[in-house]
Amino acid sequence: MSLLQEEREIILGNEYVDTFDFAEVAEFVSNAGKDLFISHHFKTSNKMLVQPRGGFPTYKKQFALYEFFVDANVDVLPLTIDSNTRLNDYATAKKMLRLSEDNEMDMLNGYPLVNHGYRTTRKMMTHFNKPVSLRHGTPDARLLVETAIASGIFEIEGGPITYLLPYSKNFPLDKAFLYWKYVERVCANYSKLNEPINRESFGPLTATLVPPAITIVIQLLEMLLSLEEGVKSFSVSFSQTGSMNQDIVVGAVIKKLAKQYAEEIDCSDAAIHLVYHQWMGAFPTNKDFAEQLINMSTVIASMVGADKIITKTREEASGIPTKEANAKTVANTQYTLGILNGLPNIVDEQEEEILTLEVNAIMEAVFNDPADTLWRKVFNSIKNGIIDVPFSPHIINHNEMITIRDANKNIRIISKGNVPIPDHCYAYERGQCDLNKDTTSIVNDIIHDIGIMQ
Amino acid sequence: MKVVTGVVGNDIHVVANRLIELSLHARGFEVFNLGVNTYLEEFFDAVVETGAEVLLISSLNGEAEGWSREVKLLKAKYKNLDSLIMMIGGNLAVGSGKAEDIVPKYKNYGFDLVCHQVDLNAGLDSLEAFISDRENKESNK
């Protein structure tokens, strides 16, 4: 028996799992309909796929949510997981699920997939026969991902960096890399049986003034960590920056570099996709304004040429959205996509060149780390600040990089910390900003720049 | 002057914490930022370890109220912390609360400076005023 299979049997021997039948699950994946695979839709569809967010504790409410989404002409269904499951606390999730079922009141902020189990959940997934995307935030997602694939969920979001640095203060980063290595291998193995399982990275990170160079570097590194384990379908992603031009530049550079770096490790046979997140920062409380913001995000996603868009709702500022509000965004987004025709082709060569040089310089520094494997090189690079994510709560993050918006609301690096931004790129970034102000006014600007959409 | 700062309890609101660090640094303080999700013991341990003269605790989700009740008791277990300047700021009540009720309550818990929903720079101005006031008193002795 392989070491991986031994580990799988330990993981799936968990007391909250009702006997995992490996042979039956492999059989199910082999014979699953193509429509369940988002990788198949990416191949055959010629429109941007629309995917909302959403997860409720009970089977019944999740089913009802999906009915609303299907009526709104959804392309990809989400399955958002509750926060207890994300922290591997299945006992609390179980208790809260029972309370939710008994009291008609939601005691969880998502669907506790492990507690529902794959036999139950698979009925829902095959009933709707749409591709489903697993949305979570779990550093150790081994059991969750096994359960998801066995349920017919063939897109897995996340990664060791993007699901850790924005969400955790002290979960060990080296452990996260190893747990995600398991996930990549399981996804790669199942991909041999039918259409590939798609892996998607979480580009928004902290969604707080993250400069594009950092976003792209982390997207590329999670892509490489996934492809080197044999994953054949991967989505890089980012969220609306606040400047339309910067979004278009990021889209162009990330597409070009993802292809290039995949080729460099002889993985050009893998399909790479681009996902765009509607504004991930603080939303206006005025729900009509929120709809305008969402609509604008859709227009920008089209300009960027995204393969999939992930939507927000008019109720974003007030908590978990109702199924009605959630479905409304899907219908509105589909409408906007349908009438967006004759888009101009905008190229900003100077900005693209600067960003490309920045990304390549950081990637080179990561590759030059003396460690023997890619994940260790990345781990060391985060530890020594070559990669620095603004506003990450994690203790390993350096927190030395400072970013603000320029007059056109582009996110600019004014203090680079240990991140190896080439000198003339750094001078260019700083040159776009008014740096004569004292730090007190710069802090006030940062506060304003974070909340620009409110 | 050395300052230890951080967000108390199970609060992970990181944005203001980072801005406090930047602003203190800009005002010439040497900052030891313990980040979000920090327990009271960790604050006092850090003060002893660094020899800080100021402890600035912040809270956004309001759970400081629960933690602050234990400040005096805990501080008494440490030696030589009598001259430590204790400051707390942010959103200091769960739900809504009035500053005139909240400030005396926290002073009673052992804080010298209490900033409930006060602008960051105004809060740090008050810290600097407090420090120079105390220095003047010392030199007049």
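Calculation notes
- Residues numbered from 1 in each chain as written.
- Chains lettered and ligands numbered in written order.
- Predicted model: local features only at pLDDT ≥ 70, side-chain atom pairs only at ≥ 80, totals over all residues.
- Contact = placed C-beta atoms within 7 Å.
- Helix = DSSP H or I, 4+ residues; strand = E, 2+ residues; numbered from the N terminus.
- Nonpolar A, V, L, I, M, F, W, Y, C, P; charged D, E, K, R; others polar.
- Core = buried A, V, L, I, M, F, W, Y, C linked by C-beta atoms within 7 Å.
- Buried ≥ 20, exposed ≤ 12 C-beta atoms within 10 Å, placed from the backbone.
- Domains from an automatic or database assignment.
- pLDDT = per-residue confidence, 0-100.
- Expected span 1.5 Å × (residues − 1).
- Pairing = 2+ DSSP bridges.
- Axes fitted to C-alpha atoms, helices over the stretch in contact; angles between N-to-C directions.
- Parallel < 35°, antiparallel > 145°, perpendicular 65-115°, else oblique.

1. Topic: the interface of chain B and chain A
In this assembly, 13 residues from chain B lie in contact with 12 residues from chain A. Residue assignment for the side of chain B that touches chain A shows that the elements contributing at least two residues are α1 (14–26) and α6 (120–140) of chain B. Sorting elements by how many residues they give to the side of chain B that touches chain A places α1(B) first, with 7 residues. Broken down by class, the residue content of the side of chain B that touches chain A amounts to 8 nonpolar, 4 polar and 1 charged.

2. A short note on the nonpolar core
Ranked by size, the top nonpolar core spans 160 residues in total, and within it A:Val217, A:Leu220 and B:Leu55 carry the most contacts. Top element by residues in this core is helix α11 (residues 212–227) of chain A. It accounts for 11 residues. When residues are assigned to domains, this core turns out to be shared by domain 1 (3–339) and domain 2 (351–450) of chain A, each giving three or more. Sequence-distant contacts of A:Val217, that is, excluding residues within four places in its chain, are made with A:Val359, A:Ile362, A:Met363 and A:Ile387.

3. A few points about the confidence of the model for chain B
Summarising the model, chain B shows a mean pLDDT of 92, and 100% of its residues fall at 70 or more. Taken together, the chains of this predicted complex give a pTM of 0.94 and an interface ipTM of 0.82.

4. Comments concerning the environment of A:Asn14
All names here are of chain A. Summarising the element assignment, Asn14 is placed in the loop between α1 (3–12) and α2 (22–31). What makes Asn14 partly exposed here is the crowd of 15 C-beta atoms within 10 Å. Taking the C-alpha atoms as reference points, Asn14 and Asn103, 89 residues apart in sequence, are found 28 Å from one another.

5. Points about α6(B)
Between its first and last C-alpha, α6(B) extends 31 Å over 21 residues, near the 30 Å set by a 1.5 Å rise per residue. Buried residues along α6(B) sit against α18 (439–450) of chain A together with α1, β4 (85–90) and β5 (113–116) of chain B.

6. So, the sheet that holds β4(B)
Residue and element names in this part refer to chain B. Reading across from one edge, β2-β1-β3-β4-β5 is the order of the 5 strands in this open sheet, with parallel pairing throughout. Only two strands of the sheet have a single partner each, and these edge strands are β2 (30–33) and β5. The sheet shows a mean angle of 15° between the axes of neighbouring strands, direction not considered. Running over the sheet, helix α5 (residues 99–109) touches β4 and β5 and is turned about 150° from β5. Contacts between α6 and the sheet are confined to β4 and β5, with β5 contributing the most and set at about 170° to the helix.

7. Quick word on the sheet that holds strand β1 (residues 49–51) of chain A
Residue and element names in this part refer to chain A. As summarised here, the arrangement of the 8 strands in space is β1-β8-β7-β6-β5-β4-β3-β2, forming an open sheet in which the pairing is parallel. Each edge of the open sheet is held by one strand with a lone partner, namely β1 and β2 (77–80). Strand-to-strand twist of the sheet, defined as the mean angle between neighbouring strand axes without regard to direction, takes the value 25°. Bridge count for strand β4 (residues 155–157) against strand β5 (residues 198–200) is 3 bridges, and the pairing is parallel. In the sheet register, Ile156 faces β5, and the bridge partner there is Arg199.

8. Quick notes on the domain arrangement of chain A
Residues and elements named next belong to chain A. On domain assignment, one finds that chain A holds domain 1 (3–339) and domain 2 (351–450). Between the C-alpha centres of domain 1 and domain 2 the distance comes to 27 Å. Contact with domain 1, which involves 37 residues of that partner, is made by 35 residues of domain 2. Mapped onto the side of domain 1 that touches domain 2, the elements with two or more residues apiece are α10 (173–191), α11 and α12 (244–264). Sorting elements by how many residues they give to the side of domain 1 that touches domain 2 places α11 first, with 10 residues. Among the residues forming the side of domain 1 that touches domain 2, the class breakdown is 23 nonpolar, 10 polar and 4 charged.

9. Thoughts on the packing of α1(A) against helix α9 (residues 142–151) of chain A
All names here are of chain A. One way to put it is that α1 packs onto α9 with a least axis distance of 10 Å and a crossing angle of 90°. In terms of orientation, α1 and α9 fall into the roughly perpendicular class. Contact with α1, carried on its side by Arg8, Ile11 and Leu12, involves Arg142, Leu143 and Glu146 of α9 and no other residues of that element. Looking at the contact of α1 with α9, its residues break down into 3 nonpolar, no polar and 3 charged.

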